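Understanding the architecture of this molecule
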Amino acid sequence: MRRRLLPFVPVLVVSALVVPSGAAAESPPPFPDYPDMVAAYVRDYPGIPLARARTAVLTQGNRIRMLEELGRTAPTDLGSNWYDPRTNTQHVDVTSDAAAATVRAAAARHGLSVAVGRAQYRMRDLEALAKRLNAQLTPDMVRSVFAVADHTTNRVKVIAKSRSRADEARARHAKDGRVVVVEATGGDDIGDACTSRTSCGAPFRAGITVGLDWDGSGPGTSDTSCSAGFTAASSDGSKWMITAGHCAGDWQDAGVAPSCAYASTGGCWGHGQQYWGPLRDNWPYGISPHANVDVARARKDNAYWSAGGYMYNPSSTNSPYDVDLAITMRTTLQVGETVCHTAQHTITGMTCGTIVDTAASERSGLVKTTYDLCPGDSGGGWYMNEGTQRWAVGIHSRSNPSDGCHVAGGYSYFSAVPDINAYWDATTVGAVLRFETR
């Protein structure tokens with residue numbers, strides 16, 4: 001799956017969590033997304049034993065917890081990580097013996113099989129390098145070049161959208177082993193937006209439709225164009241509806257509005273016949289220094305939507321799922337892991353895929369996952385499972401092929417929650433904005 005950068009160091013394998021392989025493990029499913037997650041592994045890893053796919057699904061929560069813990073408590077010498085579902089092995093490469101011991105101890109606490117290897121570079125240093133490179137871009141380069149630290153390859157990817165930009169970058173970084181220059185291929189598809197409508201009452205939940213109420217007076221019927229992502233809350237007490245940035249227009253073209261009355265600069269966003277509030281910020285992907293972020297937010301000005309932190313439940317529309325947690329570390333999103341989505345065209349039984357690239361060069365460093373979403377699904381939520389608990393991990397941006405819908409062999413791309421948090425931290429003054437959980 002990846003080329004090893006340095007010789008492998010001795011590893012310690014901890015006993016894996018044992019999962020029954022008989023019918024009892026499938027009937028009834030231990031949680032709603034379980035069958036779809038198992039199906040994703042069977043589809044994306046041909047020949048994987050069914051029992052192994054089930055084990056990979058049931059141990060996902062252990063991996064999430066371990067990676068979140070390592071990111072908070074021992075980030076200094078972490079280099080790269082990925083998951084191999086065929087062997088149920090969590091791989092982590094580090095730059096010191098002390099970090100190796102820390103990783104092995106964490107894996108033992110969480111009941112995981114772990115292979116610890118030696119990384120050439122520290123991810124913390126690569127992230128700092130990527131930030132410096134993006135800060136050095138001239139105004140004419142912000143739409144065509146982006147640097148992102150890739151925790152799968154243990155390198156900084158400099159993604160160039162033209163051959164001339166790629167040649168410039170290769171010349172500039174020819175002697176820097178930390179940097180790999182990649183020329184983006186396949187063009188730049190449009191995001192998954194369309195015109196369709198559904199109706200769903202309070203509470204507001206990820207996976208329903210959202211759009212513009214151009215009269216700005218609300219309540220009124222919105223011109224639906226995208227899907228709702230997770231809600232967010234600010235330390236100043238404000239509440240926010242999150243969707244994809246390109247749904248609101250090009251880079252800042254949608255403007256910001258102090259209230260719904262300013263329809264000419266952003267308008268009033270809502271769902272069905274209940275407005276939410278005015279658009280206050282949008283970043284539509286592909287523009288440095290946040291090229292792997294595609295997100296917009298509208299402020300809640302309608303008391304009807306009093307609660308947030310929910311997801312649409314297709315099995316019981318009046319009993320929404322809770323958004324229990326949100327990841328904080330980008331390294332928690334790793335190749336080999338399953339992710340599931342909630343958007344207006346989500347089909348029960350076809351909700352999950354596996355991560356194949358954590359910094360896709362063809363889409364400016366967005367996270368790439370199997371399973372092709374549909375027009376209108378932009379802005380919907382991507383999440384991971386820890387049994388019945390759901391972790392918010394991303395906001396849907398686009399799919400490939402862009403003119404298809406649930407096409408076999410297709411892919412989807414999303415903005416990672418930690419990248420969105422970093423964007424908010426860099427652009428929001430005087431307050432801290434984070435996704436709502438319950």
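Report follows, based on the coordinates. None of these values were measured; they are calculated from a predicted model.

Scanning the entire structure with this criterion turns up four cavities of 30 Å³ or more. For the largest cavity, the calculated volume is near 60 Å³. Lining of the largest cavity is provided by L67, L70, L78, G79, S80, N81, V92, M123 and T331. The set of elements that each furnish at least two residues to the lining of the largest cavity consists of helix 3 (60-73) and strand 1 (78-84). Sorting elements by how many residues they give to the lining of the largest cavity places strand 1 first, with four residues. Per-class residue counts for the lining of the largest cavity are five nonpolar, four polar and no charged.

What follows covers the side chain of S397. Within the secondary structure, S397 is located in strand 21 (residues 389-400). Since its relative accessible area comes to 0%, S397 is described here as buried. In contact with S397, other than residues within four places in its own chain, are G191, D192, H246, D294, L366, S378, Y413 and F414.

Here we come to the state of the cysteines. Counted under the stated rule, the structure contains three disulfides. Each sulfur in the disulfide pair C340 and C352 lies 2.1 Å from the other. Between C340 and C352, the S-S dihedral sits near 90°, and the bridge is therefore right-handed. Linking C340 in strand 17 (residues 338-342) with C352 in strand 18 (residues 352-360), this pair joins segments that are twelve residues apart in sequence. For the pair C340 and C352, one class covers both residues: buried. Between the sulfur of C374 and that of C405 lies a disulfide, 1.9 Å long from S to S. Between C374 and C405, the S-S dihedral sits near 75°, and the bridge is therefore right-handed.

Right, let's get into the layout of surface pockets. Each pocket or cavity is described by its volume, and for the largest pocket that value is around 1000 Å³. Together, 31 residues line the largest pocket, and E127, R330, P418, D419 and A422 are the ones closest to its centre. Across the lining of the largest pocket, the residue classes break down as 16 nonpolar, eight polar and seven charged. Considered as a void within the structure, the second largest pocket measures approximately 440 Å³ in volume. Along the wall of the second largest pocket there are 25 residues; nearest its centre are Y312, P314, T342, T346 and T348. Elements represented by at least two residues in the lining of the second largest pocket include exactly helix 1 (34-44) and strand 17.

Calculation criteria
Residues numbered from 1 in each chain as written. Predicted model: local features only at pLDDT ≥ 70, side-chain atom pairs only at ≥ 80, totals over all residues. Heavy atoms only, no water. 1 Å grid on protein atoms, 1.4 Å probe; cavity = no way out; pocket = protein on both sides within 12 Å on 5 of 7 lines; lining within 4 Å. Points joined across faces, edges and corners; volume = space filled by probe spheres on them. Helix = DSSP H or I, 4+ residues; strand = E, 2+ residues; numbered from the N terminus. Nonpolar A, V, L, I, M, F, W, Y, C, P; charged D, E, K, R; others polar. Buried < 20%, exposed > 50% of the residue type's maximum accessible area, 1.4 Å probe, protein only. Contact = heavy atoms within 4.5 Å. Disulfide = S-S within 2.5 Å.

Purely geometric stuff here, so don't read any function into it on its own.
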